[in-house]
Amino acid sequence: TNLIHAIRATNTAPLTLYRMTSDKEFCGPIFPAIRAEPFRYPAFLSTSGRNDNLGNFVPSSGNPLLLEIRCPTGTTMALLEADGGLEDEYLLGAGTQFRVVEYGQIIEASEIAALTRRDPEGVQMFRLILEVCGNPPFTNADQVFDFDPNSKAEDDAATNAQTIRY
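Note that this is a predicted model, so its numbers are computed, not measured.

Caption draft 1: Representation of the environment of Thr139 in the model. With respect to the secondary-structure elements, Thr139 resides in the loop between strand S9 (125-134) and strand S10 (145-147). Once the C-alpha coordinates of Thr139 and Ile4 are considered, the two residues, 135 residues apart in sequence, prove to be 8.0 Å apart. Other than its neighbours up to four places away in sequence, Thr139 contacts Ile7 and Thr76. Looking at Thr139, its side chain comes within polar contact range of the main-chain oxygen of Pro136, at 2.9 Å.

Structure, rendered in structure tokens:
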């Protein structure tokens, strides 16, 4: 439950986050079945603000699956390393609601190689584009602070000191 208290930031501009996972780790073959209706993901979801570091996180089992997560303004999250560090990590809360925008196979060998840092020969890779359509039920709008994903971390620190609401 300590992670629940970390989900305290909301973005003031749309933001796209990324996660490298596999079809075995993230909901398996049910994507087409859930395409029509939003779903709540039951776990916390570690993501990156960059897609050039995802090769470090390719799981050893299953087919690589790139999650592209569109976060509209007001999405709640934790800013774990949202300063351009190695992971540029943002944490989405357990129970965040998503809708599937698009699902398909990545077939371009150069894109597979860039994303996985592997030889693309024989690799089946997929992309799932999700859009956040609901914050976790435990988030409280009175206990979050705003951040601008387009500004520098130092600017956000000064702004957050002024906009934090308890």
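After presenting the structure, the write-up continues.
Caption draft 2: A look at the layout of surface pockets. Roughly 150 Å³ of volume is contained in the largest pocket. Together, Tyr18, Arg19, Met20, Glu25, Ser46, Thr47, Ser48, Leu54, Phe57 and Glu87 line the largest pocket. Secondary-structure elements contributing two or more residues to the lining of the largest pocket are strand S2 (15-22) and strand S4 (45-48). Residue composition of the lining of the largest pocket, grouped by class: four nonpolar, three polar and three charged.

Caption draft 3: Just the pattern of salt bridges, in detail. For the structure on display, the rule yields four salt bridges. For Glu131, the salt bridge identified is with Arg99, shortest N-O distance 3.0 Å. Here the residue Glu131 occupies a position in strand S9, and Arg99 occupies one in strand S8 (residues 97-106), the gap between them amounting to 32 residues. Counted as one network, the salt bridges with shared partners bring together Glu68, Glu111 and Arg127.

Caption draft 4: Representation of the nonpolar core within the structure. With 22 residues, the main nonpolar core has Leu17, Phe26, Ile69, Met77, Phe98 and Leu130 as its most contacted residues. Elements that contribute at least two residues to this core include exactly S2, strand S5 (64-71), strand S7 (89-92), S8, S9 and S10. In contact with Met77, other than residues within four places in its own chain, are Ala6, Ile7, Arg8, Ala9, Asn11, Leu15, Leu17, Cys71, Tyr90, Leu91, Leu92 and Phe147. Residues Tyr18, Met20, Val58 and Met125 belong to the second largest nonpolar core, which totals nine residues.

Caption draft 5: Main features of the packing of aromatic side chains. All chains considered together, the criterion is met by five aromatic pairs. Each ring, one from Phe39 and one from Phe98, has its centre 5.9 Å from the other, and the planes form 35°; the classification is tilted. Of this pair, Phe39 sits in strand S3 (residues 39-40) while Phe98 sits in strand S8, and the two are 59 residues apart along the sequence. Of the two residues, Phe39 and Phe98, both sit in the buried class.

Caption draft 6: Region of the structure containing helix H2 (residues 109-116). Among all positions in H2, only Ile112, Leu115 and Thr116 are buried. Looking straight down H2, one finds that the buried residues subtend no more than 85° of arc, so they occupy a single side. Along H2, exposed side chains directed more than 90 degrees from the buried face belong to Ser110 and Ala114.

Cut-off values and rules
Residues numbered from 1 in each chain as written. Predicted model: local features only at pLDDT ≥ 70, side-chain atom pairs only at ≥ 80, totals over all residues. Heavy atoms only, no water. Helix = DSSP H or I, 4+ residues; strand = E, 2+ residues; numbered from the N terminus. Contact = heavy atoms within 4.5 Å. Polar contact = N/O pair within 3.5 Å; in protein donor to acceptor, adjacent residues only side chain to side chain. 1 Å grid on protein atoms, 1.4 Å probe; cavity = no way out; pocket = protein on both sides within 12 Å on 5 of 7 lines; lining within 4 Å. Points joined across faces, edges and corners; volume = space filled by probe spheres on them. Nonpolar A, V, L, I, M, F, W, Y, C, P; charged D, E, K, R; others polar. Salt bridge = Lys/Arg side-chain N within 4 Å of Asp/Glu carboxyl O. Core = buried A, V, L, I, M, F, W, Y, C linked by side-chain atoms within 4.5 Å. Buried < 20%, exposed > 50% of the residue type's maximum accessible area, 1.4 Å probe, protein only. Phe/Tyr/Trp six-rings, centres within 6.5 Å; stacked < 30°, edge-to-face > 60°. Arc of directions from axis to C-beta.

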